Amino acid sequence: MRILRYLILVVIAAVLVIIGVANRAPVLVHALPPEAGDFLGLSWSLQLPLFLVIFAAMLAGLLLGFVWEWARERRHRVTAVKASREVAWLEGEVDRLKAKADEKPKDEVLALLDKPAR
């Protein structure tokens, strides 16, 4: 299984290197469309290789998906925390009830049954 995982990682790395080599041409990335940038006085732009733009977009999408999924699963995490607190409380209650039951004087017949056999 470990070899299969390493093989998949090597294939993914090779694909990423091929994409990087094939898309080395520089592209101009604008923060705003040129008309809006001129109107607002913010004409920020940056020249980057295309593969960096592609990889940055993939990373941004991946991070956005992680955050989205983490926020979506909040309800399940809250339910799990409540359930674990209830389990801890119930375990404590069982321990308290067992201790309380051990304090009571036992019936003579039950006491005989509880004695260990010799």
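All of these numbers come straight from a predicted model, not from anything done at the bench. (Residues numbered from 1 in each chain as written. Predicted model: local features only at pLDDT ≥ 70, side-chain atom pairs only at ≥ 80, totals over all residues. Heavy atoms only, no water.)

J.: What's the story with the environment of Q47 in this structure? I'm lost.
T.: Examined against the element boundaries, Q47 turns out to sit in strand β2 (residues 45-49). Given a relative accessible area of 55%, Q47 falls into the exposed group. Separated by 20 residues in the primary sequence, Q47 and V27 have C-alpha atoms spaced 5.5 Å apart. Excluding anything up to four places from it in sequence, Q47 contacts P26, V27 and L28. (Helix = DSSP H or I, 4+ residues; strand = E, 2+ residues; numbered from the N terminus. Buried < 20%, exposed > 50% of the residue type's maximum accessible area, 1.4 Å probe, protein only. Contact = heavy atoms within 4.5 Å.)

J.: Any chance you could explain the pattern of salt bridges here in plain terms?
T.: Per the stated rule, a full pass over the model turns up two salt bridges. Residue E69 is joined to R72 by a salt bridge in which the shortest nitrogen-to-oxygen separation is 2.4 Å. One end of the pair, E69, and the other, R72, are both in helix α3 (residues 50-72), three residues apart, so they sit about a helical turn from each other. On the accessibility criterion, R72 (46% relative accessible area) is partly exposed. E93 is paired through a salt bridge with R96; the nearest N and O atoms lie 2.7 Å apart. Residue E93 and its partner R96 are both found in helix α4 (residues 74-103); the two are separated by three residues, about one turn of the helix. (Salt bridge = Lys/Arg side-chain N within 4 Å of Asp/Glu carboxyl O.)

J.: Just to check I follow, could you spell out the packing of aromatic side chains for this structure?
T.: Working definition: an aromatic ring pair is given by the centre-to-centre distance plus the angle between the planes. Following the criterion strictly, the structure yields one aromatic pair and no others. Aromatic pair F51 and F55: ring centres 6.0 Å apart, planes at 70 degrees, arrangement edge-to-face. Of the two residues, F51 and F55 both sit in helix α3, four residues apart, roughly one turn of that helix. With relative accessibility at 23%, the residue F51 sits in the partly exposed group. For F55, a relative accessible area of 25% corresponds to the partly exposed category. (Phe/Tyr/Trp six-rings, centres within 6.5 Å; stacked < 30°, edge-to-face > 60°.)

J.: Which parts of the structure should I look at to understand a positive patch on the surface?
T.: There is a patch of like positive charges on the surface, built from R74, R77, K82 and R85. Looking at the secondary structure, you find R74 in helix α4. (Patch = residues over 30% accessible without salt bridge, like charges linked within 9 Å, V, L, I, M, F, W, Y side chains within 5 Å. Areas by Shrake-Rupley, 256 points an atom, 1.4 Å probe, with all protein chains shown as cover. Lys, Arg positive; Asp, Glu negative; His and termini not counted. Charge placed at Lys NZ, Arg CZ, Asp CG, Glu CD.)

J.: I would appreciate a short explanation of the confidence of the model for the protein in the present structure.
T.: Reading fine detail from the predicted coordinates is not recommended where pLDDT is low. On average, residues of the protein score 88 in pLDDT, and 89% of them reach the 70 mark or higher. Averaged pLDDT values for the elements of the protein fall to 69 in helix α5 (residues 108-114) and rise to 95 in α3. (pLDDT = per-residue confidence, 0-100.)

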